There are 2 protein chains.
Amino acid sequence: MTTVASRPAGLETRRAILDAALDLFSERSFDGASTRGIAELAGVTQPLLNYHFAGKEELWRAAVDDLFERLRTSMQHRLSGLRGVDEVTIAKLMVRHFVEFSAANPQLHRIIMQESKRAGARLDWMVETHVRPLYEYAVAMFERLAARGELAPVAPAHLYYLLTGAGATVFVMAPECQRLTGVDPFAPEFVAAHADLVVDLLIRATTKESV
Amino acid sequence: MTTVASRPAGLETRRAILDAALDLFSERSFDGASTRGIAELAGVTQPLLNYHFAGKEELWRAAVDDLFERLRTSMQHRLSGLRGVDEVTIAKLMVRHFVEFSAANPQLHRIIMQESKRAGARLDWMVETHVRPLYEYAVAMFERLAARGELAPVAPAHLYYLLTGAGATVFVMAPECQRLTGVDPFAPEFVAAHADLVVDLLIRATTKESV
DNA sequence: GTCGGATCTTATCGTTCGATCAGGTAAATG
DNA sequence: CATTTACCTGATCGAACGATAAGATCCGAC
């Protein structure tokens, strides 16, 4: 915690600001999160945000960049060393990792859902920079599974939003879930059970005979 | 449009304000929607909001009341005149109506998701006033279906958020869906197909043998 | 016809917002 | 030791926020 090292004290500060920004942006939306609130949560003064980032919009982009980067690296790490495994198993593993990541990082879909409600520059940037590559990857996987007869040839838009909606919503709405059901959706047992259900959902509910 | 009638000119204004408030609150969150923006969308001046409603918070509550009231009445209307129909059919019909209502009124889950991200007075009020009755009804239905062997005895929190997440997310995120996939999720064919998938998902993916 | 309450507007209040400026401190450099 | 540079803070700007006060308008009642 105490700044010890040579020069790069700014890197720790930058990280603290990014983490605080991610929390507040995801929880209170872009407009609802004030730069003063982010600064307070990060333990710094407000003008420091403008020293490290060009402005509020730029800070938001940096936080979102950082979040998607974590998703990519964690997914790659999870799937590394899987040579020769059949694609159905890989698909199940990816869905499972997606659910677990959504539980460990509820900010991801909170921000995505927030921005996706409204067309605009932030949504355009987020989609083209971060979401589309994931979507294209998922679509390609859907198509390979459908060609093998493992998945019904349902339009990818349906499958994609069924997957993200079913897998992430309960973690996005964790405070409501806690209050409404008394269940903590971040509890490891709940996350594991939910991942099982979503995997079953996507793989079994859309097998060829079913739809 | 032109105010014809006797006295209640205020009722039309009140309705215009409520509609505008619902659109902006759901799209830009409570903090992101300004009273001036709502007034402009409603075609009135900003102080008029404080004449018809006690304040921004009160306006938000009135708009949410109105929205949930529409959900209740439309559901009752859809289910009226269904005597002697077996419960599985009723359940399917309710899921279908839920998806269709979510498509016709994307504000519903936009507001629910927005407020559910963060504990607070607005979430508490919304859950206890509007969400809990729906949840209790759904849980009772899950339990009856499970007792008949039509549904696996999965914890209701999973089923509830699978249903709402799978059924509503694509409409909440309609602008992203449009830009990402080129598909308009509000198109009648898309809504119908999505409702089919969700019904299948909930009824078939959780039959006893599956989980 | 005029009176009274309901409806709506103009002007403005104090607060908070994001951003900037001028300066200050401390570590690296010569 | 003197100077420079990276990092950080206090003070403050104009704009936008939610709210209110004071008054205009209009319609039904008597």
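The structure presented is a predicted model; accordingly, all values stated were derived computationally and were not measured.

Reading the values: rules and limits
- Residues numbered from 1 in each chain as written.
- Chains lettered and ligands numbered in written order.
- Predicted model: local features only at pLDDT ≥ 70, side-chain atom pairs only at ≥ 80, totals over all residues.
- Heavy atoms only, no water.
- Helix = DSSP H or I, 4+ residues; strand = E, 2+ residues; numbered from the N terminus.
- Buried < 20%, exposed > 50% of the residue type's maximum accessible area, 1.4 Å probe, protein only.
- Contact = heavy atoms within 4.5 Å.
- Areas by Shrake-Rupley, 256 points an atom, 1.4 Å probe, with all protein chains shown as cover.
- Lys, Arg positive; Asp, Glu negative; His and termini not counted.
- Charge placed at Lys NZ, Arg CZ, Asp CG, Glu CD.
- Phe/Tyr/Trp six-rings, centres within 6.5 Å; stacked < 30°, edge-to-face > 60°.
- Lys NZ or Arg CZ within 6 Å of the ring centre and 35° of its normal.
- Expected span 1.5 Å × (residues − 1).
- Near = heavy atom within 4 Å.
- Polar contact = N/O pair within 3.5 Å; in protein donor to acceptor, adjacent residues only side chain to side chain.
- Buried area = accessible area lost by both parts, 1.4 Å probe.
- Salt bridge = Lys/Arg side-chain N within 4 Å of Asp/Glu carboxyl O.
- Bend = angle between axes of the 7 residues up to and from the residue.
- Axes fitted to C-alpha atoms, helices over the stretch in contact; angles between N-to-C directions.
- Parallel < 35°, antiparallel > 145°, perpendicular 65-115°, else oblique.
- Left-handed = near helix turned anticlockwise from the far one by under 90°.
- Nonpolar A, V, L, I, M, F, W, Y, C, P; charged D, E, K, R; others polar.
- Least-squares fit on C-alpha atoms with pLDDT ≥ 70 in both.

**Some points on the overall build of chain A**
- For chain A, the count of helices and strands is 10 helices and zero strands.
- Order of helices (α) and strands (β) in chain A, N terminus to C terminus: α-α-α-α-α-α-α-α-α-α.
- With the C-alpha coordinates of chain A rotated into their principal frame, the extents come out at 60 × 40 × 35 Å.
- Expressed as a percentage of its 211 residues, the buried residues of chain A come to 52%.
- Nonlocal contacts in chain A, meaning residues at least 24 apart in sequence, comprise 64% of its contacts between residues at least 6 apart.
- Total accessible area computed for chain A in this model is approximately 9600 Å², and 54% of it derives from carbon and sulfur atoms.
- Side-chain charges of chain A comprise 23 positive and 26 negative groups, with the mean position of each set lying 2 Å from the other.

**Some remarks on the packing of aromatic side chains**
- Taken as a whole, this structure holds 11 aromatic pairs over all chains when the rule is applied.
- Ring centres of F171(A) and F186(A) lie 6.1 Å apart, and the angle between their planes is 15°; this geometry places the pair in the stacked category. Of this pair, F171(A) sits in helix α8 (residues 156–172) while F186(A) sits in the loop between α9 (174–181) and α10 (188–204), placing them 15 residues apart in sequence.
- With relative accessibility at 0%, the residue F171(A) sits in the buried group.
- Here F186(A) falls in the partly exposed class, since its relative accessible area comes to 34%.
- Among the aromatic side chains, those forming a connected cluster through ring pairs are F25(B), F30(B), W60(B) and W125(B).
- Here the basic side chain of K56(A) rests over the ring of F30(A), its NZ or CZ set 4.7 Å away from the ring centre.

**A closer look at helix α5 (residues 87–104) of chain A**
- The terminal C-alpha atoms of α5(A), which comprises 18 residues, lie 25 Å apart, in line with the 26 Å expected from a rise of 1.5 Å per residue.
- Considered for burial, the residues of α5(A) that qualify are E87(A), V88(A), A91(A), M94(A), V95(A), H97(A), F98(A), V99(A), F101(A), S102(A) and A103(A).

**Quick notes on the protein's contact with DNA strand D**
- In the neighbourhood of DNA strand D, 20 residues make up the surrounding shell, with T13(A), T45(A), T35(B), R36(B) and K56(B) lying closest.
- A share of 65% is what sugar and phosphate atoms reach among the atoms of DNA strand D within 4 Å of the protein.
- Within the side chain of T45(A), one N or O atom sits 2.6 Å away from a phosphate oxygen of DNA strand D.
- Here T35(B) contributes a side-chain N or O atom positioned 2.8 Å from a phosphate oxygen of DNA strand D.
- With four residues, the single largest contributor to the surface near DNA strand D is helix α3 (residues 47–52) of chain A.

**Some details on the interface of chain B and chain A**
- Between chain B and chain A, the residue contacts involve 53 residues of the former and 54 residues of the latter.
- Between chain B and chain A, a total of about 5100 Å² is buried, with carbon and sulfur atoms accounting for 66% of that surface.
- On the chain B side of the contact with chain A, K117(B), Y161(B) and L180(B) bury the most area, a combined 17% of that side's loss.
- Our count for the contact surface shared by chain B and chain A stands at six salt bridges.
- Between R179(B) and E128(A) there is a salt bridge whose closest N-O contact spans 2.4 Å.
- If you look at where chain B meets chain A, you find 22 residue pairs in polar contact (both at pLDDT 80 or more).

**Description of helix α1 (residues 9–32) of chain A**
- Between its first and last C-alpha, α1(A) extends only 29 Å over 24 residues, short of the 34 Å set by a 1.5 Å rise per residue.
- Considering bend angle alone, the principal kink of α1(A) is centred on S26(A) and spans about 85°.
- Residues of α1(A) that are buried include every one of I17(A), L18(A), A20(A), A21(A), L22(A), L24(A), F25(A), S26(A), S29(A), F30(A) and G32(A), and no others.
- Those residues of α1(A) that are buried are in contact with α2 (35–42), α3, α4 (56–79), α6 (107–116) and α7 (121–147) of chain A together with α1 (9–32) of chain B.

**Overview of the packing of helix α4 (residues 56–79) of chain B against helix α5 (residues 87–104) of chain B**
All names here are of chain B.
- The geometry of α4 relative to α5 is characterised by a closest axis approach of 11 Å and an angle of 140° between their N-to-C directions. When the axes of α4 and α5 are compared, the pair comes out oblique. α4 and α5 meet at a crossing whose hand is right-handed. Residue-level contacts link L67, R70, L71, S74, M75, R78 and L79 of α4 to L93, M94, R96, H97, F98, E100 and F101 of α5.
- Split into classes, the residues belonging to the contact of α4 with α5 amount to eight nonpolar, two polar and four charged.

**Examining the relation of the copies chain B and chain A**
- Between chain B and chain A, the superposition needs a rotation of 180° and an axial shift of 0.0 Å, giving an RMSD of 0.0 Å. On this basis, the relationship between the two copies can be described by a two-fold rotation axis.
- Interface overlap between copies: 100% of the residues of chain B at the interface are likewise at the interface in chain A, consistent with a symmetric, same-surface contact.

**Comments concerning the pattern of salt bridges**
- All told, the structure shown has 28 salt bridges over all chains when counted by the stated rule.
- Salt-bridge contacts for E128(A) lead to R132(A); the nearest nitrogen and oxygen are separated by 2.9 Å. With E128(A) and R132(A) both in helix α7, this residue pair falls four residues apart, about one helical turn.
- A salt bridge links R15(B) to D66(B); the nearest nitrogen and oxygen atoms lie 2.9 Å apart. Of this pair, R15(B) sits in helix α1 while D66(B) is found in helix α4, placing the two residues 51 residues apart along the sequence.
- The class for R15(B) is partly exposed, based on a relative accessible area of 33%.

**With respect to the side chain of S116(A)**
- Here S116(A) lies in helix α6.
- For S116(A), a relative accessible area of 0% translates into the label buried.
- A polar side-chain atom of S116(A) sits 3.2 Å from a polar atom in the side chain of E176(B).
- Excluding residues within four positions of it along the chain, S116(A) makes contact with L123(A), M126(A), V172(B), M173(B), A174(B), P175(B) and E176(B).

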